[in-house]
Amino acid sequence: MPTLDILGIPHHYERYGTPANPSFPTLVFVHGWLLSHHYWSPLIQVLEKQYACVSYDLRGFGESQGETALTQPSQDYNLAAYATDLVTLLEKLHIDHAWLVGHSLGGSIGIWGAHLCPERVRGVICLNAGGGIYLKEAFERFRSAGENLVKFRPAWLGNLPGLDLVFSRLMVKQPLGRRWGQQRLWDLLRADGTAARGSLLETTTEAEVHLLPRLVADLAQPVYFFAGQQDQVMEIKYVNYLASFHSSFHPLGQNVIELANCGHFAMLEQLPTVADKMVQILQTAGY
């Protein structure tokens with residue numbers, strides 16, 4: 001299992017594929033909150049035939065764990081901090097030309113990564129990611145529910161019969177395969193508590209939310225957004241709002257791809273469509 005040391009924490013990563021052309025960028029996949037790199041596997045299996053791909057676990061999630069470093073008071077879990085981890089990963093893997101593909105929280109990290117490292121990041125594709133509007137009461141409820149989820153997760157939860165079926169139905173239009181319910185449950189139980197709580201609270205402040213549109217507006221790289229029509233976590237109106245700040249949005253939302261019969265896990269729920277659209281985007285960019 002390959003790892004890279006970033007801020008004293010071993011970051012698990014996987015490399016796949018050989019580019020059809022040496023000038024093609026590497027696709028770097030960034031997962032969402034309480035998840036891991038595993039959810040990208042089906043999409044990567046399609047794309048690795050043409051593009052080199054890298055997936056990794058964010059600090060404190062999946063296999064990217066450290067017994068002491070994660071609990072240090074100086075550790076930051078905001079979007080800029082996670083994007084800095086991402087840029088360090090690009091540097092250490094000698095990835096000079098990357099397209100970032102982020103899901104949910106990973107989309108926001110990808111936007112920040114493009115902002116911090118425009119010389120390496122050539123484009124961003126966001127799945128089920130948007131925002132930019134701060135609704136105080138809604139965010140307070142979201143944070144409270146998330147904190148409770150992280151706080152009350154006894155180890156025996158993983159052995160509760162049928163709970164994987166429940167997780168396979170959460171946040172999606174149609175149930176996912178049972179193995180994804182098991183994976184989501186495992187990722188919830190595995191996540192480091194300090195990182196899970198810190199990333200929840202630090203990435204959803206009013207300042208962080210309001211800064212995202214400004215970053216998108218300043219990006220010279222192409223940025224695309226995939227939105228599930230039935231996504232109740234990140235509704236289409238919030239995806240369109242954030243996408244509208246990029247120059248490629250006008251006049252008809254050209255950088256937003258709406259997905260029918262799709263909830264919050266586009267890469268699993270609408271795999272063929274997402275893969276096809278991503279290839280079209282990359283081909284339009286000359287790859």
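Residues numbered from 1 in each chain as written. Predicted model: local features only at pLDDT ≥ 70, side-chain atom pairs only at ≥ 80, totals over all residues. Heavy atoms only, no water.

## So, the layout of surface pockets
One number sums up the size of the largest pocket: a volume of about 1200 Å³. Taken together, 40 residues line the largest pocket, and the ones lying closest to its centre are S104, F142, V233, M234 and H264. Only α3 (105-116), α4 (136-151), α6 (178-190), α7 (193-202) and α8 (206-218) provide two or more residues apiece to the lining of the largest pocket. Sorting elements by how many residues they give to the lining of the largest pocket places α4 first, with seven residues. Broken down by class, the residue content of the lining of the largest pocket amounts to 24 nonpolar, 13 polar and three charged. (1 Å grid on protein atoms, 1.4 Å probe; cavity = no way out; pocket = protein on both sides within 12 Å on 5 of 7 lines; lining within 4 Å. Points joined across faces, edges and corners; volume = space filled by probe spheres on them. Helix = DSSP H or I, 4+ residues; strand = E, 2+ residues; numbered from the N terminus. Nonpolar A, V, L, I, M, F, W, Y, C, P; charged D, E, K, R; others polar.)

## A few points about the side chain of S55
You can see S55 is positioned in strand β4 (residues 53-56). If near-sequence neighbours (up to four positions away) are discounted, S55 is found in contact with H12, Y13, E14, Y16, F29, H37, W40 and I44. (Contact = heavy atoms within 4.5 Å.)

## Considerations on the nonpolar core
Nonpolar side chains in soluble globular proteins tend to end up buried together. Core analysis: the biggest nonpolar cluster contains 58 residues, and V28, F61, I109, I111 and F225 have the highest contact counts within it. With seven residues, helix α2 (residues 79-92) is the single largest residue contributor to this core. (Core = buried A, V, L, I, M, F, W, Y, C linked by side-chain atoms within 4.5 Å. Buried < 20%, exposed > 50% of the residue type's maximum accessible area, 1.4 Å probe, protein only.)

## Notes on the side chain of S168
As for its placement among the helices and strands, S168 is situated in the loop between α5 (163-167) and α6. Under the relative-accessibility criterion, S168 is labelled buried at 1%. Among the polar contacts listed, one links the side chain of S168 to the backbone oxygen of L165, at a separation of 2.7 Å. Leave out the neighbours within four places in its chain, and S168 touches P175, L176, G177 and G181. (Polar contact = N/O pair within 3.5 Å; in protein donor to acceptor, adjacent residues only side chain to side chain.)

## Considering the packing of aromatic side chains
Enumeration according to the criterion identifies eight aromatic pairs in this entry. Between Y241 and F245 the ring centres are 5.1 Å apart and the planes differ by 75°, which places this aromatic pair in the edge-to-face class. Grouping aromatic residues by their ring pairs yields a cluster made of F24, Y51 and Y287. Directly above the ring of Y82 sits R59, whose terminal nitrogen or CZ lies 4.7 Å from the centroid. (Phe/Tyr/Trp six-rings, centres within 6.5 Å; stacked < 30°, edge-to-face > 60°. Lys NZ or Arg CZ within 6 Å of the ring centre and 35° of its normal.)

## Section: α6
With 13 residues, α6 extends 18 Å between its outermost C-alpha atoms, agreeing within 8% with the 18 Å of an ideal straight helix rising 1.5 Å per residue. Those residues of α6 lying buried are W180, G181, Q183, R184, L185, D187 and L188. As for α6, its buried residues are in contact with α1 (41-47), α4, α5 and α10 (266-269). (Expected span 1.5 Å × (residues − 1).)

## What about the packing of α2 against α3?
With their axes 8 Å apart at the nearest point, α2 and α3 run at an angle of 70° to one another. Between α2 and α3, the angle falls in the class roughly perpendicular. In this structure, the crossing between α2 and α3 has a hand that is right-handed. Where α2 abuts α3, its residues L79, A80, Y82, A83, T84, L86 and V87 lie against L105, S108, I109, W112, G113 and L116. The residue makeup of the contact of α2 with α3, split by class, is ten nonpolar, three polar and no charged. (Axes fitted to C-alpha atoms, helices over the stretch in contact; angles between N-to-C directions. Parallel < 35°, antiparallel > 145°, perpendicular 65-115°, else oblique. Left-handed = near helix turned anticlockwise from the far one by under 90°.)

That is the geometry; function is a separate question.
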